[in-house]
Amino acid sequence: MTTLGTDAGALALRLVAGERAALARVLTRLERDPAAIAVLDAAIAPHTGRAYTVGITGAPGAGKSTLVGALLDEALRADRRTAVLALDPRSPLTHGAILGDRMRMESATADPRVFVRSMTADPHGGGLSATTPLAVRALDAAGWPWILIETVGVGQSELDVVEAAATTIVVLNPGWGDEVQAVKAGLLEVADVFVINKADRDGAAVLRYDLERLLAAGPKGGWRVPVLDTVASERRGTGELWAAIDAHRQFQEGSGALPLRRQRFSALAIRALVDRELRVRLAAALSEPSIAALVAAVERGERSLPEASAAVLSRL
Ligand SMILES: Nc1nc2c(ncn2[C@@H]2O[C@H](COP(=O)(O)OP(=O)(O)OP(=O)(O)O)[C@@H](O)[C@H]2O)c(=O)[nH]1
Ligand SMILES: [Mg+2]
């Protein structure tokens, strides 16, 4: 334990000093080595709080990765150091996310002013809710001023940390009017900026009309949510998207909303870690030999279900 702690602590110091290889190793350990998380995050904690996080979410295939690639090109032109976390909570067995994402962001990834990292849900479940905020904090402590977080799906989990990014971009495509209706409450709650990507296709105007009608209900906390058209595959509209991100940041800095966003992020991060720990403990409790006797007692009608559940809970 001591060796592990010293080792992880030294690694975190190298990360804070800006060593790229140390950052990559820390991210890998946050993903795969639960025993190192406490030491790593404790070493990182004093150096967090400077980065600005931008969540980019939307359905599979909406063009999020292509859009992020285009944003990176734009960032390089503006000499803006930017890190990307590409999250795929879907099973790696059914989806070739990582290779594809690398290719879509390829033009920028060779530049030292850019850092791209993909994370895929482990096939044993648990998702990425607990790991993501730890990874964001590591990137922050490593000195990346802009962190773009790409993830699939909108409003699917109350633990979705992307929805607590300082600015959240929801990416939609022409022809998705029905989907917009179906999830509109969740969309409106989450989106600080709407992007209609693939605006080269038919139906962009209809979708814009639908979105603007939803948004007509009023500005969100004083912020008027913009609806932008992009053609990410042709690098069109991404300069305007950075401008919208900057405008939202300025708005929040002026209105004092930013500290609340940061608090929401931390609260969700704590919940996600607790949630994961509870799952681990529950699985352990349920695999204890004594559980068989408890189940048998329920089967025989000698214990009620709430009694049995209370007995399991008492072991967590
Ligand atoms: N016509 C058109 N195609 C686009 C545009 N942007 C992206 N695409 C294409 O849409 C497909 C999906 O793009 P991705 O960037 O992988 O989409 P994604 O949302 O990251 O997908 P997942 O990560 O799998 O959910 C690719 O074939 C892109 O080339 C666009 O603006 N117009
Ligand atoms: Mg993608």
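Above this text is the structure in question.
Quick caveat: nothing in here was measured; it's all calculated off a predicted structure.

Draft legend 1. A look at the overall build of the protein chain. When helices and strands are tallied, the protein chain shows 14 helices and 7 strands. Within the protein chain, the proportion of its 316 residues that are buried is 38%. Considering only intrachain contacts with a sequence separation of at least 6, the fraction spanning at least 24 residues in the protein chain is 77%.

Draft legend 2. Region of interest: the site of ligand 1. Taken together, 19 residues sit near ligand 1, with Pro60, Gly63, Lys64, Ser65 and Thr66 positioned nearest. A per-class count over the shell around ligand 1 returns 6 nonpolar, 8 polar and 5 charged.

Draft legend 3. Geometry of the nonpolar core. Of all hydrophobic cores here, the largest spans 75 residues; its most connected members are Val54, Ala138, Ile147 and Ile149. Taken together, domain 1 (1-47) and domain 2 (48-255) each give at least three residues to this core, which thus spans both.

Draft legend 4. Quick peek at the sheet that holds strand β7 (residues 227-230). Pairing is parallel across the open sheet formed by 7 strands, whose spatial order is β3-β2-β4-β1-β5-β6-β7. Since the sheet does not close on itself, it has two edges, and those belong to β3 (114-120) and β7, each with one partner. In this sheet, adjacent strand axes meet at a mean angle of 20 degrees when their direction is disregarded. The pairing of strand β6 (residues 193-197) with β7 spans 4 bridges and is classified as parallel. Across the sheet, residue Val195 finds its bridge partner in β7, namely Leu228.

Draft legend 5. Looking closely at helix α13 (residues 290-299). Among the 10 residues in α13, 0 count as buried, and that is only a small part of the element. Backbone geometry just downstream of α13 places Gly301 in the positive-phi region, at approximately 80 degrees.

Draft legend 6. Up close: the environment of Arg20. Summarising the element assignment, Arg20 is placed in helix α2 (residues 20-32). On the basis of neighbour count, Arg20 is assigned to the exposed category, with 12 C-beta atoms found within 10 Å. Spatially, the C-alpha atom of Arg20 lies 8.3 Å from that of Ala142, the residues being 122 residues apart in sequence.

Draft legend 7. Here's a closer look at the packing of helix α3 (residues 37-44) against helix α7 (residues 131-141). At a closest axis distance of 10 Å, the pairing of α3 and α7 adopts a crossing angle of 40 degrees. The angle between α3 and α7 falls in the class oblique. Crossing of α3 against α7: the hand is left-handed. Two secondary-structure elements touch here, α3 through Ile37, Asp41 and Ile44 and α7 through Leu134, Arg137, Ala138 and Ala141. Residue composition of the contact of α3 with α7, by class: 5 nonpolar, no polar and 2 charged.

Draft legend 8. Here's a closer look at the packing of helix α4 (residues 64-77) against helix α11 (residues 238-255). Contact geometry for α4 and α11: axes closest at 9 Å, N-to-C directions at 80 degrees. If you check the angle between α4 and α11, you find them roughly perpendicular. Residues Leu67, Ala70, Leu71 and Glu74 of α4 form the contact with α11, whose participating residues are Thr238, Gly239, Leu241 and Trp242. Tallied by class, residues from the contact of α4 with α11 come to 5 nonpolar, 2 polar and 1 charged.

Draft legend 9. Structural view of helix α10 (residues 204-215). An ideal rise of 1.5 Å per residue puts 16 Å on 12 residues; α10 measures up with 16 Å between its terminal C-alpha atoms. Of all the positions in α10, only Ala204, Leu207 and Leu211 are classed as buried. For α10, the arc enclosing every buried residue in end-on projection is 65 degrees, short of the 170-degree limit, so these residues lie on one face. Residues Ala205, Tyr209, Glu212 and Arg213 are exposed on α10 and point more than 90 degrees away from its buried face.

Draft legend 10. Region of interest: the environment of Val312. When you line up the elements, Val312 lands in helix α14 (residues 305-313). Once the C-alpha coordinates of Val312 and Glu288 are considered, the two residues, 24 residues apart in sequence, prove to be 9.9 Å apart. When sequence neighbours within four positions are dropped, the list of residues in contact with Val312 reads Ala285 and Leu286.

Draft legend 11. Expanded view of unusual backbone geometry. At Asp79, a position not held by glycine, the phi torsion is positive, near 55 degrees. Within the secondary structure, Asp79 sits in the loop between α4 and β2 (82-88). One non-glycine residue, Lys198, lies in the positive phi region at around 65 degrees. Residue position: Lys198 is located in the loop between β6 and α10. Among the residues examined, Lys198 registers 24 C-beta atoms within 10 Å and is labelled buried.

Draft legend 12. A look at the pairing of strand β5 (residues 167-172). The buried fraction of β5 amounts to 6 of the 6 residues, a majority that puts the element mostly inside the structure. What you see with β5 is no split at all: Thr167, Ile169 and Val171 on one side and Thr168, Val170 and Leu172 on the other are buried throughout. Across 5 bridges, the pairing between strand β1 (residues 52-58) and β5 is parallel. Bridging from a neighbouring strand, Gly58 pairs with Val171 of β5. Bridge count for β5 against β6 is 4 bridges, and the pairing is parallel. Bridged to Val171 within β6 is Val195.

About the cut-offs
Residues numbered from 1 in each chain as written. Chains lettered and ligands numbered in written order. Predicted model: local features only at pLDDT ≥ 70, side-chain atom pairs only at ≥ 80, totals over all residues. Helix = DSSP H or I, 4+ residues; strand = E, 2+ residues; numbered from the N terminus. Buried ≥ 20, exposed ≤ 12 C-beta atoms within 10 Å, placed from the backbone. Contact = placed C-beta atoms within 7 Å. Near = placed C-beta within 6 Å. Nonpolar A, V, L, I, M, F, W, Y, C, P; charged D, E, K, R; others polar. Core = buried A, V, L, I, M, F, W, Y, C linked by C-beta atoms within 7 Å. Domains from an automatic or database assignment. Pairing = 2+ DSSP bridges. Axes fitted to C-alpha atoms, helices over the stretch in contact; angles between N-to-C directions. Parallel < 35°, antiparallel > 145°, perpendicular 65-115°, else oblique. Left-handed = near helix turned anticlockwise from the far one by under 90°. Expected span 1.5 Å × (residues − 1). Arc of directions from axis to C-beta.

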